[in-house]
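Geometric and topological summary
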There are 2 protein chains.
Amino acid sequence: MARQERAHRTRWAILEAAARLFDELGYEATTIGMVIERTEITRGGLYFHFTSKEELARAVLDEAVTSTGLVPHPFKVQEWVDLGLLLAHRMPMEPILSAAVRLSVDPRARRLFGTRWPDWVEVGSGLLAEAKERGELLPHVDPEEVARLCVGAWTGVQIVTDVLRPARLPQEVSDLYAMLLPAVVSPGVLAKLDLTVHRAPRLLAEAREAAGTGASGPVPAGDTGAPGARGDGDGAADDAC
Amino acid sequence: MARQERAHRTRWAILEAAARLFDELGYEATTIGMVIERTEITRGGLYFHFTSKEELARAVLDEAVTSTGLVPHPFKVQEWVDLGLLLAHRMPMEPILSAAVRLSVDPRARRLFGTRWPDWVEVGSGLLAEAKERGELLPHVDPEEVARLCVGAWTGVQIVTDVLRPARLPQEVSDLYAMLLPAVVSPGVLAKLDLTVHRAPRLLAEAREAAGTGASGPVPAGDTGAPGARGDGDGAADDAC
């Protein structure tokens, strides 16, 4: 394994371990010592990648900035829905994503690191504004308002589902869109959208094939360059709608 | 002032102080000492009412179980909406309500005290099932599913609004219902519902008049005995939808 790739894997292992701890214990209760114990690397090894717990938390939030699987679609409103479906599908499998929600919801962590909600509202507003220009939305719809309410609704459904129906997040988010979209999308377009739980895994499988990694490899992290995607560090993906 | 009333006021002052601290600092960081400092009562005075921080948290959650202002309405679906509108209106003014959301969202506090979300889903499901029987809802609607998704959506909109648009909660919740209900309620009924921000303050003013306290007194805490209301301690009101 090339040295650079080994370093990348170590960094990722540290981040995942930190994310699991943030998710289980919260930001305050997590210590660097616990991360070291979980990853079984030396203190020096960890400090080579991250110099503090704050830096770990910021990196978790940055890595949760992801639109992996998103591809251009004839309907801009489908792309907006896809962002939410993809995150709902990936979140149960990726501790970095659920840790990012937990850090955003925790008021103390929020004071330190802020949230990515404004960025998500911006991404959603942009896609919905384009959708509206193309006549995909009902005439009265305010793209920014819908994007903002949906960031809230998606986040709350994720939190409550985690308590009431663990492992059902993709279905709940799919049902949420089915309930929201009749008041947002033109009927003719609505009939052609795919809001089902099958869409996200199919998009991810297609992204894997396009990347030449086949079905066995992990989904590559980072942007696909799809419309609405944000670059590392200036976007947000702790939730979406 | 009668001795009993004085004791009641002291208990309430302690609870409000504890709620403000839970809301500002979280459950872990709050101490009994801080509550004493805020209320300016003696340690003995506090322990007369509450023997531990855990008991304070449980009491906050219990007191947030409230349907104050709710009255019977010809449309059961209006009563269900009213629960959410009333809480959105009251929450910015009542620290006990916002503290209850914070305790429910905090995974560590949740492990200790659970959440009231299942109770809210039950209350909502009951009202929506009645609404469906009366033909107020669209035929395909599953009352339990709508109630569950709305508890999530309401909670998330509250959390995100607190960050993005402080003091706008009643309007955001009103907009949330306007977006959700076209896929839930029969068009003829939908046209007759009041989803505006004006409804909750009017209901509360009417409840005050009915209680003979006029506009000057505080809204009496506790149940009105309205349909869908829960008795103290066995219901839930940290959120609703």
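All values reported here derive from a predicted model rather than from experimental measurement.

A word on the overall build of chain A
- Looking only at helices and strands, chain A has twelve helices and zero strands in total.
- Helices (α) and strands (β) of chain A occur, in sequence order from the N terminus, as α-α-α-α-α-α-α-α-α-α-α-α.
- In chain A, buried positions account for 54% of the 241 residues.
- Of the roughly 10,100 Å² of accessible surface on chain A, 52% is carried by carbon and sulfur atoms.

With respect to the side chain of R102(A)
- Tracing the chain through its elements places R102(A) in helix α6 (residues 95-105).
- For the buried R102(A), no salt bridge is present, and the opposite-charge side chain at shortest range is D106(B), 4.4 Å distant.
- Beyond its immediate sequence surroundings of up to four residues, R102(A) is in contact with F22(A), D23(A), E24(A), L25(A), G26(A), D106(B), P107(B) and R108(B).

A word on the packing of aromatic side chains
- Here the structure, examined in full by the defined rule, presents six aromatic pairs over all chains.
- Relative to Y177(A), the ring of W80(A) has its centre 5.9 Å away and its plane inclined at 80 degrees; by these criteria the two rings are edge-to-face. Pair noted here: W80(A) is in helix α5 (residues 76-90) and Y177(A) is in helix α10 (residues 169-180), with a separation of 97 residues, a long-range link.
- Pairing F22(B) with Y27(B) gives two aromatic rings, centres 5.6 Å apart and planes at 40 degrees, and the pair type is tilted.

Quick word on the packing of α10(A) against helix α9 (residues 143-164) of chain B
- Axis separation between α10(A) and α9(B) bottoms out at 11 Å; the angle between their running directions is 100 degrees. What the angle tells us is that α10(A) and α9(B) run roughly perpendicular. Residues E172(A), D175(A), L176(A) and M179(A) of α10(A) pack against E145(B), V146(B), R148(B), L149(B) and C150(B) of α9(B).
- Along the lines of polarity and charge, the residues of the contact of α10(A) with α9(B) split into five nonpolar, no polar and four charged.

Description of helix α8 (residues 117-133) of chain B
- In this model α8(B) runs 24 Å from its N-terminal to its C-terminal C-alpha over 17 residues, within 8% of the 24 Å that 1.5 Å per residue would give.
- The complete set of buried residues in α8(B) reads W117(B), D119(B), W120(B), V121(B), V123(B), G124(B), S125(B), L127(B), L128(B) and A131(B).
- Packed against the buried residues of α8(B) are α9 (143-164) of chain A together with α5 (76-90), α6 (95-105), α7 (107-113) and α9 of chain B.
- Two residues or fewer after α8(B) comes G135(B), characterised by a positive phi angle close to 80 degrees.

Some words on the environment of L86(B)
Residues and elements named next belong to chain B.
- Checked against the element boundaries, L86 lands in helix α5.
- Looking at L86, the relative accessible area reads 3%, which means it is buried.
- Between the C-alpha atoms of L86 and P170, which are 84 residues apart in sequence, the distance is 8.5 Å.

Some thoughts on the environment of A57(B)
- The residue A57(B) is located in helix α4 (residues 53-63) in this model.
- Expressed as a C-alpha distance, the spacing of A57(B) and A18(B), which sit 39 residues apart in the sequence, is 7.9 Å.

Some details on the relation of the copies chain A and chain B
- Note on the copies: chain A fits chain B at an RMSD of 0.0 Å, the axial shift is 0.0 Å, and the rotation between them is 180 degrees. The symmetry that links the two subunits is that of a two-fold axis.

Here we look at the interface of chain A and chain B
- Each side of the interface is counted separately: chain A has 40 residues, and chain B has 40 residues.
- Together, the buried faces of chain A and chain B total about 3,100 Å²; carbon and sulfur atoms form 73% of this surface.
- Considering only the side of chain A, the residues that lose the most area to chain B are R148(A), L149(A) and M179(A), jointly responsible for 22% of the buried surface there.
- Between R148(B) and E172(A) there is a salt bridge, with its nearest N and O atoms 2.7 Å apart.
- The tally of links from chain A across to chain B stands at four residue pairs in polar contact (both at pLDDT 80 or more).
- Of all elements in the fold, only α1 (3-25), α6, α7 (107-113), α8 (117-133), α9 and α10 of chain A reach the threshold of two or more residues within the side of chain A that touches chain B.
- Split by residue class, the side of chain A that touches chain B holds 24 nonpolar, four polar and twelve charged.

A word on the environment of T115(B)
- For T115(B), the position within the fold is in the loop between α7 and α8.
- Taking relative accessible area as the criterion, T115(B) reaches 14% and is therefore assigned buried.
- For T115(B) and V101(B), which are 14 residues apart along the polypeptide, the C-alpha to C-alpha distance reads 8.9 Å.
- Not counting the four nearest positions on each side in its chain, T115(B) is found in contact with V163(A), S104(B) and R110(B).

Some words on the pattern of salt bridges
- Throughout the structure, instances matching the rule amount to 28 salt bridges over all chains.
- With a closest N to O distance of 2.4 Å, R116(A) and D62(A) form a salt bridge. With R116(A) in the loop between α7 and α8 and D62(A) in helix α4 (residues 53-63), the pair connects residues that are 54 residues apart, well separated along the chain.
- Taking the shortest distance from any N to any O, the salt bridge between R11(B) and E63(B) comes out at 3.3 Å. In this pair, R11(B) is assigned in helix α1 (residues 3-25) and E63(B) in helix α4, connecting sequence segments 52 residues apart.
- A relative accessible area of 26% means that R11(B) is categorised as partly exposed.
- One salt-bridge network, held together by shared partners, links E144(A), R148(A), R165(B) and E172(B).

Considering the nonpolar core
- Within the largest apolar cluster, 150 residues are counted, with the highest numbers of intra-cluster contacts made by V77(A), W80(A), V77(B) and W80(B).
- Among residues more than four places away in sequence, those in contact with V77(A) are L128(A), A131(A), E136(A), L137(A), V185(A), V189(A) and L193(A).

Digging into the UniProt feature "DNA-binding region" (unreviewed entry) in chain A
- In the numbering adopted here, UniProt assigns the feature "DNA-binding region" (unreviewed entry) to residues 31-50 of chain A.
- Secondary structure over residues 31-50 of chain A splits into 75% helix and 0% strand, and the C-alpha atoms at its two ends are 13 Å apart.

Quick notes on the rules
- Residues numbered from 1 in each chain as written.
- Chains lettered and ligands numbered in written order.
- Predicted model: local features only at pLDDT ≥ 70, side-chain atom pairs only at ≥ 80, totals over all residues.
- Heavy atoms only, no water.
- Helix = DSSP H or I, 4+ residues; strand = E, 2+ residues; numbered from the N terminus.
- Buried < 20%, exposed > 50% of the residue type's maximum accessible area, 1.4 Å probe, protein only.
- Areas by Shrake-Rupley, 256 points an atom, 1.4 Å probe, with all protein chains shown as cover.
- Lys, Arg positive; Asp, Glu negative; His and termini not counted.
- Salt bridge = Lys/Arg side-chain N within 4 Å of Asp/Glu carboxyl O.
- Contact = heavy atoms within 4.5 Å.
- Phe/Tyr/Trp six-rings, centres within 6.5 Å; stacked < 30°, edge-to-face > 60°.
- Axes fitted to C-alpha atoms, helices over the stretch in contact; angles between N-to-C directions.
- Parallel < 35°, antiparallel > 145°, perpendicular 65-115°, else oblique.
- Nonpolar A, V, L, I, M, F, W, Y, C, P; charged D, E, K, R; others polar.
- Expected span 1.5 Å × (residues − 1).
- Least-squares fit on C-alpha atoms with pLDDT ≥ 70 in both.
- Buried area = accessible area lost by both parts, 1.4 Å probe.
- Polar contact = N/O pair within 3.5 Å; in protein donor to acceptor, adjacent residues only side chain to side chain.
- Core = buried A, V, L, I, M, F, W, Y, C linked by side-chain atoms within 4.5 Å.
- UniProt positions renumbered as here; feature names shortened; annotations may be inferred.

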